[in-house]
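Architecture at a glance
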Amino acid sequence: MALEKLRKEETLVLRKKLIGQSCRLFYSEDPVKIVKARGQFIFDENGKRYLDCISNVQHVGHCHPSITKAASAQMDLLNTNARFLHDNIVMYADRLAATLPEKLCVFYFVNSGSEANDLALRLAHQYTQHEDVIVLDHAYHGHLMSLIDISPYKFRKLAGQKEWVHVAPLPDTYRGLYREDHPNPGQAYADTVKYLIEEVHRDGRKISAFFAESLPSVGGQIILPQGYSTKVAEYVRSAGGVFVADEVQTGFGRVGSHFWAFQLQGQGFCPDIVTMGKPMGNGHPLACVATTEEIAGAFTANGVEYFNTFGGNPVSCAIGLAVLDVIEEEDLKGNATRVGAHLKDLLIKLQPRHQIIGDVRGVGLFVGLELVTDREQRTPATETAALVVKRLKEEDNICVSTDGPWESVIKFKPPMCFSMDDAELTVKCIDRILTGWLHYHILSTLVTTGLFAYICCFH
Ligand SMILES: Cc1ncc(COP(=O)(O)O)c(C=O)c1O
């Protein structure tokens, strides 16, 4: 049975029967069934083309010919367990090392962002011999049990917070504790971590790691205020802990100006452990942990082998190398800078005409549009955000999704080949939808108040 020959309804029925119902689809009410893709476009079973603003995994573009070629050439030649000696893993590690600060020079290859973060927890624990972890509010770091424990976004809906996990405020200068009018939000938010560490110490516990995304994405496309990470790293290290930067979503040039999002915090800042995943293999499961010789040394010193069957196999590394080549050859960092700035600019220009746009933020092709029902209170406009997502898909064949604690932030993390035209089309469609929404809103208010006036007169 050729699966692509199934009618959409049949696929849905089989999916419902065979796949765990907690594995949700995008647009669960009316999912898009995709059968092929190219660049920033995906195609459904009827050949309808959608502009994809969601797939940050297909980093250099869906089905990029160079990636396909590298994968099939290596697959044709050899693929094996990562325990045989092979060139690809060392050549790839060497290329990754060139993108990172010198001290992050030891690599462990794994298969997913979750595996990378789980290993980062183990490395931190082994190196520091401490147990406790500080995470940011609303964070998500993966689906393994160890990571659910350090993901407030998940554990709040499940078993709750473990005694070894401590939650620091999200450094969100739009709706957090310290906002855009604060003279030094980076320092103020870093101090919240300092106070948390003091509290942990008062309870007789010790910090192993501070764990954070370099740009909190599930938290709502948040841009960390300047100086935050440097100060936090200082406090965490003086407590004997390490700083883990989760770059699973944000690495590989997405921010445009830098290869890694943690580098937005300035030259002087370097995490102790960096985890990476999603974009690395352009859709092939490839992920990694980079760390220092000291931390890796402590991990080795426990005498227990670290063995990962698939992590760093020749095919994965051939793909990883090809992704790095395409980023360079097609100047995708430059493209992210230019197109991301244009997208942000166009969205900012909508703000005076649409009161519902509370905030526009982002760097490179990591952009968020936060909708609010009133700008004063900054009340999340969750329903309207969902409506915009639905109408963009149904009327304009544009796929976007939402994030943030209230799902009120429309996020843009398209493949890095996203073009100026794509940005312009997307913003034009958002403008039209929001204008229609505004007219509908005014009309319904008039009807309600008119009706009210009529009832008053009548009485
Ligand atoms: C920031 C972050 N870290 C880790 C993960 C887990 O990665 P994976 O789904 O590849 O296990 C995700 C996945 O969404 C993520 O967004």
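Residues numbered from 1 in each chain as written. Predicted model: local features only at pLDDT ≥ 70, side-chain atom pairs only at ≥ 80, totals over all residues. Heavy atoms only, no water.

1. A closer look at the packing of aromatic side chains
Considering all chains together, one arrives at 13 aromatic pairs under this definition. On the basis of an interplanar angle of 85° and a centroid distance of 5.9 Å, the ring pair of Y108 and F299 is categorised as edge-to-face. Placement of the pair is Y108 in strand β4 (residues 106-110) and F299 in helix α9 (residues 293-301), with a sequence separation of 191 residues. The exposure classification of Y108 matches that of F299, with both residues buried. Connected via pairs of aromatic rings, a cluster forms that spans F210, Y228, F243, F262 and F269. One residue, R83, lies across the ring of F307, its end atom 3.8 Å from the ring centre. Directly above the aromatic system of Y153 lies the positively charged group of K157, at a separation of 4.6 Å from the ring centroid. (Phe/Tyr/Trp six-rings, centres within 6.5 Å; stacked < 30°, edge-to-face > 60°. Helix = DSSP H or I, 4+ residues; strand = E, 2+ residues; numbered from the N terminus. Buried < 20%, exposed > 50% of the residue type's maximum accessible area, 1.4 Å probe, protein only. Lys NZ or Arg CZ within 6 Å of the ring centre and 35° of its normal.)

2. Points about helix α10 (residues 314-329)
Here α10 is 16 residues long and its end C-alpha atoms lie 22 Å apart, about the 22 Å a rise of 1.5 Å per residue gives. Counting buried residues along α10, 13 of its 16 residues qualify, which places the element largely inside the surrounding structure. For α10, the N-terminal capping position is held by N313, with its side-chain oxygen 3.0 Å away from the main-chain nitrogen of V315. Looking one or two places after α10, you find D331, whose phi comes out positive at around 45°. (Expected span 1.5 Å × (residues − 1). Polar contact = N/O pair within 3.5 Å; in protein donor to acceptor, adjacent residues only side chain to side chain.)

3. Digging into the packing of helix α3 (residues 87-99) against α10
Put simply, α3 and α10 touch, their axes get as near as 8 Å, and they point 35° apart. Here α3 and α10 pass one another in a crossing that is left-handed. Where α3 approaches α10, its residues N88, I89, M91, Y92, R95 and L96 are matched on the opposing element by P314, C317, A318, G320, L321, L324, D325 and E328. When its residues are assigned to classes, the contact of α3 with α10 shows nine nonpolar, two polar and three charged. (Axes fitted to C-alpha atoms, helices over the stretch in contact; angles between N-to-C directions. Left-handed = near helix turned anticlockwise from the far one by under 90°. Contact = heavy atoms within 4.5 Å. Nonpolar A, V, L, I, M, F, W, Y, C, P; charged D, E, K, R; others polar.)

4. Considering the environment of L18
For L18, the location among the structural elements is in helix α1 (residues 8-18). Measuring from C-alpha to C-alpha, the distance between L18 and E424 comes to 40 Å, with 406 residues separating the pair along the chain.

5. Details of unusual backbone geometry
One non-glycine residue, H138, lies in positive phi territory at about 70°. Secondary-structure assignment places H138 in the loop between β5 (132-136) and α5 (145-149). Here E407, not a glycine, exhibits a phi torsion of approximately 50°, which is positive.

6. A look at the sheet that holds strand β15 (residues 409-412)
Sheet architecture is open: four strands sit in the order β11-β12-β15-β14, paired in antiparallel fashion. Edge strands, defined here as strands with exactly one partner in the open sheet, are β11 (357-363) and β14 (401-403). Taken pair by pair, the neighbouring strands of this sheet meet at an average axis angle of 30°, ignoring direction. Across three bridges, β14 lies against β15 in antiparallel orientation. For D403, the partnering residue across the bridge sits in β15 and is V409. Of the strands in this sheet, β11, β12 (366-371) and β15 touch helix α11 (residues 332-350), which is tilted by about 170° from β11. (Pairing = 2+ DSSP bridges.)

7. Details of the site of the ligand
Taken together, the neighbourhood of the ligand is formed by 13 residues, with G113, S114, D246, Q249 and K278 sitting nearest. A distance of 2.8 Å is found between an oxygen atom of the ligand and a side-chain nitrogen or oxygen belonging to Q249. Side-chain polar atom of K278 to an oxygen atom of the ligand: 2.9 Å apart, as the coordinates give it. For the ligand, the protein covers 85% of the area, taking 390 Å² as the surface of the free molecule. It is helix α4 (residues 113-128) that provides the largest number of residues to the shell around the ligand, a total of three residues. (Near = heavy atom within 4 Å. Areas by Shrake-Rupley, 256 points an atom, 1.4 Å probe, with all protein chains shown as cover.)

8. Section: the domain arrangement of the chain
Along its sequence, the chain is organised into domain 1 (32-63 + 331-447) and domain 2 (65-329). Each of domain 1 and domain 2 was reduced to a C-alpha centroid, and the two centroids are 27 Å apart. Counting from both sides, the interface comprises 39 residues of domain 1 and, opposite them, 39 residues of domain 2. Buried surface at the junction of domain 1 and domain 2, summed over both partners, amounts to about 3100 Å²; 54% is from carbon and sulfur atoms. Among the residues domain 1 hides against domain 2, the three largest losses belong to K333, F366 and R378. Together they make up 24% of the total. Linking domain 1 with domain 2 are two salt bridges, by the criterion used here. (Domains from an automatic or database assignment. Buried area = accessible area lost by both parts, 1.4 Å probe. Salt bridge = Lys/Arg side-chain N within 4 Å of Asp/Glu carboxyl O.)

9. Observations regarding the side chain of S316
Tracing the backbone through its elements, the reader meets S316 in helix α10. Side chain to side chain, S316 and H284 meet in a polar contact 2.9 Å long. Discounting residues that sit within four places of it in the chain, S316 has contacts with H284, P285, L286 and F310.

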